[in-house]
Amino acid sequence: MQTWPSHPVPDVAGTPRPLRLYDTSSAQVRPTAPGPTATMYVCGITPYDATHLGHAATYLAFDLVHRLWLDNGHDVHYVQNVTDIDDPLLERAIRDQDDWVVLGMRETALFREDMAALRVLPPREFTGAVESIPDIVAAVAKLLASGTAYRVDDQEFPDIYFDHAATGRFGYESGYDRETMDRFFAERGGDPDRPGKRHPLDALLWRAARPDEPSWPSELGPGRPGWHIECSVIALNSLGMGIDLQAGGSDLIFPHHEYSAAHAEALTSEHPFARHYGHSAMIGLDGEKMSKSKGNLVFVSRLRADGVDPMAIRLGLLSGHYRQDRSWTTDILDTAQTRLTAWRAAVARPSAPPAADLITRLRDHLANDLDTPQAIAAMDAWSRQDGTDPQAPTAVAQAVDALLGIKL
Ligand code: ZN
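Fair warning: this is a prediction, and the values are worked out from it, not measured in the lab. (Residues numbered from 1 in each chain as written. Predicted model: local features only at pLDDT ≥ 70, side-chain atom pairs only at ≥ 80, totals over all residues. Heavy atoms only, no water.)

### Details of the overall build of the protein
Stage number 1. Looking only at helices and strands, the protein features 13 helices and 14 strands.
Stage number 2. Taking 408 residues into account, the globule formula puts the C-alpha radius of gyration at 22 Å, and the protein, at 22 Å, falls close to it.
Stage number 3. The principal-axis extents of the C-alpha atoms in the protein amount to approximately 80 × 45 × 35 Å.
Stage number 4. Put simply, the protein has 408 residues, and 55% of those count as buried.
Stage number 5. Of the accessible surface of the protein, which amounts to about 16,800 Å², a share of 50% is contributed by carbon and sulfur atoms.
Stage number 6. On the protein, the mean spot of the 38 positive side-chain charges and the mean spot of the 56 negative ones are 4 Å from each other. (Helix = DSSP H or I, 4+ residues; strand = E, 2+ residues; numbered from the N terminus. Rg over C-alpha atoms; globule rule 2.2 N^0.38 Å. Buried < 20%, exposed > 50% of the residue type's maximum accessible area, 1.4 Å probe, protein only. Areas by Shrake-Rupley, 256 points an atom, 1.4 Å probe, with all protein chains shown as cover. Lys, Arg positive; Asp, Glu negative; His and termini not counted. Charge placed at Lys NZ, Arg CZ, Asp CG, Glu CD.)

### A look at helix 3 (residues 100-117)
Stage number 1. The terminal C-alpha atoms of helix 3 lie 26 Å apart, and with 18 residues this matches the ideal 26 Å at 1.5 Å per residue to within 8%.
Stage number 2. Elements that come into contact with the buried residues of helix 3 comprise helix 1 (53-71), strand 4 (75-82), helix 2 (87-95), strand 5 (125-128) and helix 8 (300-305).
Stage number 3. The distance from a side-chain oxygen at the start of helix 3 to the backbone nitrogen of valine 101 is 2.7 Å, and the residue carrying that oxygen is aspartate 99.
Stage number 4. Arginine 119 sits one or two positions beyond helix 3 and adopts a positive phi of about 60°. (Expected span 1.5 Å × (residues − 1). Contact = heavy atoms within 4.5 Å. Polar contact = N/O pair within 3.5 Å; in protein donor to acceptor, adjacent residues only side chain to side chain.)

### Comments concerning the packing of helix 5 (residues 178-187) against helix 7 (residues 253-268)
Stage number 1. Two numbers describe how helix 5 lies on helix 7: the axes approach to 8 Å, and their chain directions differ by 95°. Taken as axis vectors, helix 5 and helix 7 run roughly perpendicular relative to one another. Within the contact between the two elements, helix 5 uses Met181, Phe184 and Phe185 and helix 7 uses Phe254, Pro255 and Tyr259.
Stage number 2. Its residues placed into classes, the contact of helix 5 with helix 7 shows 6 nonpolar, no polar and no charged. (Axes fitted to C-alpha atoms, helices over the stretch in contact; angles between N-to-C directions. Parallel < 35°, antiparallel > 145°, perpendicular 65-115°, else oblique. Nonpolar A, V, L, I, M, F, W, Y, C, P; charged D, E, K, R; others polar.)

### Thoughts on a nonpolar patch on the surface
Stage number 1. A contiguous nonpolar patch, built from Val101, Val102 and Met105 and spanning about 270 Å² of accessible area, is present on the exposed surface.
Stage number 2. With respect to the element layout, valine 102 can be found in helix 3. (Patch = residues over 30% accessible without salt bridge, like charges linked within 9 Å, V, L, I, M, F, W, Y side chains within 5 Å. Salt bridge = Lys/Arg side-chain N within 4 Å of Asp/Glu carboxyl O.)

### Here's the deal with the sheet that holds strand 6 (residues 149-151)
Stage number 1. Spatially, 4 strands are ordered 6-7-8-9 in an open sheet, and the strand pairing comes out antiparallel. With one partner strand each, in any of the chains shown, strand 6 and strand 9 (223-225) form the two edges of the open sheet. In this sheet, neighbouring strand axes are inclined to one another by 25° on average, regardless of whether the strands run parallel or antiparallel.
Stage number 2. Here strand 8 (residues 203-208) pairs with strand 9 via 3 bridges, running antiparallel. Note that in strand 9 the partner of arginine 207 across the bridge is arginine 224. (Pairing = 2+ DSSP bridges.)

This is the structure we're talking about:
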């Protein structure tokens, strides 16, 4: 698929700081240690609706990882998928009497616009599930042949499932107990009660064709792919095993990332799928969880249409820590707009306090598990101080652009 436009990232003077990032699987903040090329896979959208602030917060958090790795001199190979065939897309298309293909294309186009406006650096590969079907079919066939996948005994709908225990490591990514797994599996698209499965936690790899559902012919029989295997295959084909970061929202910890890892590990007999599993917290609205069922989603495109500066949206979302569940309020947006105006005035001055100390602070805070609240506080303090260095305003504007992605 076509990705979205990029923009130049300025070089920043001084010494970069290697990134330390929280890893869900080991439950600790650990150094990231990429080679010359850092590899990152962030799970993409299912394009049945516009980008809301929760999505935006996730892509912004891992955009900071991208920027810090660039600052450290790595070439960053970033891959993102688009789940352009799955149940939620079909359900929405039926509800709205829309064509699922047109709906997916329209919302994906809007997502690209939102990401470009928020200055999220684009992935090198932006890959759809539909275009990956031949690769997914080959992977599922391999899992069937190795005995880690099986067909349910159902003449009409011979779906294919993954034996969740196949790798012997199931659960290492989330660290959840069985009760939590059962709950999230049922809540988040799993089908524990499907007759014919060997175990309630076995996950769908290939859904045999149903009447009135799109399907693709294949050596597995006509059907369409499950969600987790889609990401395993796209990541493996683009990046290989042992990627530096697999990331997404915290609602993907289980089941999605647990199974994506298990599928990839079963396919390759290697471990681990990712060296870091990163997850961003949820964004609520005025103290309530933001969700499609509550109808209280705040869309990036709506804010943009209302004339809100995308840099204020970015700054507002970054004013909280990415691992802290938090609420979006009009106060947060107002504060971000005021701050953006103050920062722009500060870098438009003929002279200011020297940039070096501030840039060191920005790097230190961001390299410490993306501590954006502290980085923003450091920039606030610099903006309020007077100084005589004529080079500083430009140097600071470039550093804030490169490291925080905020164009002043
Ligand atoms: Zn994914």
